[in-house]
Amino acid sequence: MDNKKLNFDYMFNRILYDDIIINKFNEFLEKYADKSDKYIYQEIERVQKEVPDAVKVRHIKNLEAISKFEGFVTEDIKREIEKLKRLINVDSSENEKISNRELESQFFSPSSLLLWFLLLVIIYRRRRYRRPYHRRPYRYH
């Protein structure tokens, strides 16, 4: 069963991303796999400051598109997406127009890919693998 799941993941990722992006995501996965949600949220806050507003707007639109995947997205995921959209800071006064070519280039920059990866981690990481925000000591009665 695991092989079938891995093959599906591999196939799905190959449809969406090329080898360079997959390799970058694998690097991020090694770095962030065991991090808590709190840490991931802090990283989103940090890295989004390095990403241009036009790219952040595209990430928000992509989050909105994910939320419309009927049958694949639960109500919990939709709520998480709304929370993430509010977390991304876009300066509404910045009306900088950039070319599609420049936007594509910036979209695939390391900081933008990291931001997208972290957003996906928060959305799709299985709850049972998450470490809680605060570890509480066990109480013995």
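The sections below set out a description of the structure shown in this document. (Residues numbered from 1 in each chain as written. Predicted model: local features only at pLDDT ≥ 70, side-chain atom pairs only at ≥ 80, totals over all residues. Heavy atoms only, no water.)

Counting 32 residues, the largest nonpolar core has Ile-44, Leu-63, Leu-84, Phe-117, Leu-118 and Leu-119 as its most contacted members. Mapped onto this core, the elements with two or more residues apiece are helix 2 (19–32), helix 3 (37–48), helix 4 (53–67), helix 5 (75–87), helix 6 (100–107) and helix 7 (110–124). It is helix 7 that contributes the most residues to this core, 11 residues altogether. Setting aside anything within four residues of it in sequence, one finds Leu-118 in contact with Tyr-32, Ile-40, Glu-43, Ile-44 and Val-47. (Core = buried A, V, L, I, M, F, W, Y, C linked by side-chain atoms within 4.5 Å. Buried < 20%, exposed > 50% of the residue type's maximum accessible area, 1.4 Å probe, protein only. Helix = DSSP H or I, 4+ residues; strand = E, 2+ residues; numbered from the N terminus. Contact = heavy atoms within 4.5 Å.)

A side chain with one charge can pair with a side chain of the opposite charge if their charged atoms come near. A full pass over the atoms with the stated rule returns 8 salt bridges. For the salt bridge of Lys-56 with Asp-53, the shortest nitrogen-to-oxygen distance reads 3.4 Å. With Lys-56 and Asp-53 both in helix 4 and 3 residues apart, this pair spans about one turn of that helix. With respect to burial, Lys-56 and Asp-53 carry one shared label: buried. Salt-bridge contacts for Lys-85 lead to Glu-82; the nearest nitrogen and oxygen are separated by 3.0 Å. One end of the pair is Lys-85 and the other is Glu-82, both in helix 5 and 3 residues apart, which spans about a single turn. On the basis of relative accessibility, which here comes to 19%, the residue Lys-85 falls in the buried class. (Salt bridge = Lys/Arg side-chain N within 4 Å of Asp/Glu carboxyl O.)

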